[in-house]
Amino acid sequence: MTIAPDKPATQETPVPEGHVKLVIDGEEVIAPKGELLIRTAERLGTVIPRFCDHPLLDPAGACRQCLVEVEMGGRPMPKPQASCTMTVADGMVVKTQLTSAVADKAQQGVMELLLINHPLDCPICDKGGECPLQNQALAHGRTESRFVDTKRTFPKPLPISTQVLLDRERCVLCQRCTRFSAQVAGDPFIELLERGAHQQIGTAETADVLDLASRTTSGQPFQSYFSGNVIQICPVGALTSAAYRFRSRPFDLVSAPGVCEHCSSGCAERTDFRRGKVQRKLAGDDPEVNEEWLCDKGRFGFRYAQAGDRLRRPLVRNSGGELEETSWTDALRVAAEGLAKARDGQGAGVLTGGRLTVEDAYAYAKFARIALRTNDIDFRARPHSAEELAFLTSAVLGTTPEDGVTFGEIERARTVLCVAFEPEDEAPIVFLRLRKAARKNRTRVVHLGQWTTSSVRKTFGELLACLPGGEAAAVDGIAQHAADLDAALRAEGAVILVGERAAEVPGLFSALRRLTGRTGARLAWIPRRAGERGALEAGCAPTLLPGGRSVTDAEARAEVEKLWGASLPVQAGRDTTGILEAASARQLDALLVGGVDPADLPDPDLARRALDNAGFVVSLELRASEVTERADVVLPIAPTVEKAGSFLNWEGRRRPFDITLEGTGALADGRVLDTLAVEMDADLFTQTPAAAAADLARLGRGVVDGGRVEAAPAAANRPATGQALLSTWRQLIDNGSLQDDEPHLKGTQRRSVARLSAKTAEGLGGTVRVSTERGAITLPVEVADLPDGVVWLPGNSDGSAVRADLGAGHGALVQISGGEL
């Protein structure tokens, strides 16, 4: 007798804690509790069609395109359910359009309804060729429409702002744009108007134009630093870019990944170009940095590279004092002779600015030490101090995402303190993370500043008010006057973010050292420009060699000398102000300037005198500037899209990118400096970005010893009658040169106003004149919750160029009086 073996018992797949087991299209799957059905299906490789769903927005269930058949406890639900709003449950059985005729029919029916009034303008629609509605109509729609009546039409396009245009008849009311504005950006200016068949997207202004009720809107125009994101996430081409409209087709474009050059976040982006010209930029998908968002400056501010004043050929000043075009050979020869003569005389100084890639910054650092034999080099084309450089050397230099603060850590933080830092204006993607942390994780965000800015409001934050210039004393006073904040900073997950404006406040970095030492909170420095962190690492500082080595450390210097094969200067160099003062006093024979705007410097008049009095000036720049007017040799360099390299963002994360526009003939700074050094009998080995990066990598990290430059808080200025303390910073969209030639972006620049407290504004009338011995600025008055005796001005906006007009900065004492525009 044969006995059949027992069948092995089927082993149940264990379900981890916090997870559930369900079946999708006959396949068993384990998913975390709370996960949306549409996400679980995506992980299985099943794409359910959708329009309103977006992984970074709250569920809405507005378009109903993602309907699936659902069964719970053996009983099917009476009708298909929206998979973008339903979360997984234990024992759930789901059938998508792949296995359910009911779900497939429902999706086709919804598609038919969405197309009833949708216009047949795909041949002229900017979204044509990359349109989710086109794709899903083909994959999940019917071949014929039963709708025979006249389609609804509207006048088009309707301007939401100078950048965003709306074609209302294309809109499927998915609410992606309204949810992004309200949830992510915190700018609820674009809303759903009316109800039923009359419902449409608009703003308060468009509601008034259309004679619609605007009770659902905020009563303000669509003014946002992030408005371009609604264009990118719109699934049907209802929202389009005024700058890109009718410019090209997706299949005419060549796309290349890139990195934004405008701020220190290092956002991933996609550059689309055609016939050698950039047509648009889109946000890249990088969950660790910018997720899927870009600020408008990064998205639209790219036409500066195509401006009419772009320098294409070298210029040399002739015997008549005029600049004239010449060959690269002649220009480099003249530049080399002038710099070599200065090197052998009283020396030369190098000003690099904060726009450089890591590789280009390294070329400047090496050129200064080998070709010019000087440590007079500084990347800080802005207010700066010895206290700041010591802080950066000891607390910032060498940090990476592995051991420093990151975007993710900000999002997970329990408490964040922002000091001398306006995130929405100075690092907008950091601002989005702060808002997300506050909104989703209840992070407490405290801003040490002068008034309740939009950053304070939109991060649901608290204002720790102080006088401008009094931030150091305020930080020292946290333990005594803000005990709850002090306790929060002592708790796990506390982060302090400090901006570059802190360099204008004596003693602030020292106070922050004491605060972090006492509380254990993690600290991150977030500069405004993209190249500052990389320039610090590459050695573009008067006290630092590449890799963080001190120029006065004989052992570290010998290590670099061995690798470079050249002797290096021994004494620490002068900072930006020191270089300019020396040149102004005719104590330097030459200046090498790398794209620095005198108006950005702490004292623009000093910068101009320095350029006038320096015996020889070589300028490496993209477009004509004030430096060009005074330069003896001008060497044109490539913009970001015409070269390769990498930025180091504020986290210390390397952000590499390749050449987007090939064959333009433009040269990177490193290539120009390498060739110039050869003319001066020196070898840099920076002819390509790859060579420069490899040379820097060979150096590795040095022993970082920043020392300590302790500074006491400055005595608070006391404004007398007719005086005020100045608070100022640059707004994101302003008159910066990288935003030139883009009128649509310019149209969303925030209005220039002078903000004062109600008491300070008494008797001034509608305008205020803010003046120093250098000049004056007159702007309309706007009352805000500033301390009495304080006036806030935008740093570089229409009618308010604080450095150029006043020669003053944050914390300075200024005169105020009633003024007339």
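Residues numbered from 1 in each chain as written. Predicted model: local features only at pLDDT ≥ 70, side-chain atom pairs only at ≥ 80, totals over all residues. Heavy atoms only, no water.

Visitor: Explanation requested: the overall build of the protein in the structure shown.
Guide: A tally of helices and strands in the protein yields 28 helices and 38 strands. For the protein, the C-alpha atoms occupy an extent of roughly 100 × 85 × 60 Å along the three principal directions. Per-residue burial over the protein gives 58% buried out of 821 residues. Restricting the contact set of the protein to residue pairs at least 6 apart, pairs at least 24 apart contribute 70%. Here the protein has roughly 33000 Å² of accessible surface; of this, 50% comes from carbon and sulfur atoms. Side-chain charges in the protein split into 95 positive and 109 negative, and the spacing between the mean points of these groups amounts to 3 Å. (Helix = DSSP H or I, 4+ residues; strand = E, 2+ residues; numbered from the N terminus. Buried < 20%, exposed > 50% of the residue type's maximum accessible area, 1.4 Å probe, protein only. Contact = heavy atoms within 4.5 Å. Areas by Shrake-Rupley, 256 points an atom, 1.4 Å probe, with all protein chains shown as cover. Lys, Arg positive; Asp, Glu negative; His and termini not counted. Charge placed at Lys NZ, Arg CZ, Asp CG, Glu CD.)

Visitor: For this particular structure, what's the right way to read the packing of aromatic side chains?
Guide: Each aromatic ring pair is described using two quantities: the centre-to-centre distance and the angle formed by the ring planes. Scanning all chains against the criterion turns up nine aromatic pairs. An aromatic cluster is present here, built from Trp451, Trp729 and Trp792 joined pairwise through their rings. The side chain of arginine 750 reaches across the aromatic face of tyrosine 225, ending 3.9 Å from its centre. (Phe/Tyr/Trp six-rings, centres within 6.5 Å; stacked < 30°, edge-to-face > 60°. Lys NZ or Arg CZ within 6 Å of the ring centre and 35° of its normal.)

Visitor: Help me out: how do you make sense of unusual backbone geometry in this one?
Guide: What you tend to see is this: most non-glycine residues have negative phi, and most peptide bonds are trans. Look at the link from lysine 156 to proline 157: it is a cis peptide, with omega at -10 degrees. Relative to the assigned elements, proline 157 resides in the loop between α3 (132–140) and β7 (158–159). Of note, the phi angle at arginine 64 is positive, near 65 degrees, even though the residue is not glycine. Inspection of the secondary structure puts arginine 64 in the loop between α1 (37–44) and β3 (67–72). Overall, arginine 64 belongs to the partly exposed group, its relative accessible area being 37%. Within the chain, leucine 173 stands out as a residue other than glycine whose phi angle is a positive 55 degrees. Tracing the backbone through its elements, the reader meets leucine 173 in the loop between β8 (164–166) and α4 (176–185).

Visitor: Explain the sheet that holds strand β35 (residues 790–794) here, please?
Guide: Sheet strands pair by backbone hydrogen bonding; their relative direction is either parallel or antiparallel. Pairing is mixed in the closed barrel, where six strands are placed in the order β31-β35-β32-β34-β33-β38. Strand after strand, the sheet turns through a mean of 45 degrees between neighbouring axes, direction not considered. The sheet contact formed by strand β33 (residues 767–771) and strand β34 (residues 776–783) spans five bridges and is antiparallel. Residue pairing across strands places valine 768 opposite leucine 779, the latter belonging to β34. (Pairing = 2+ DSSP bridges. Axes fitted to C-alpha atoms, helices over the stretch in contact; angles between N-to-C directions.)

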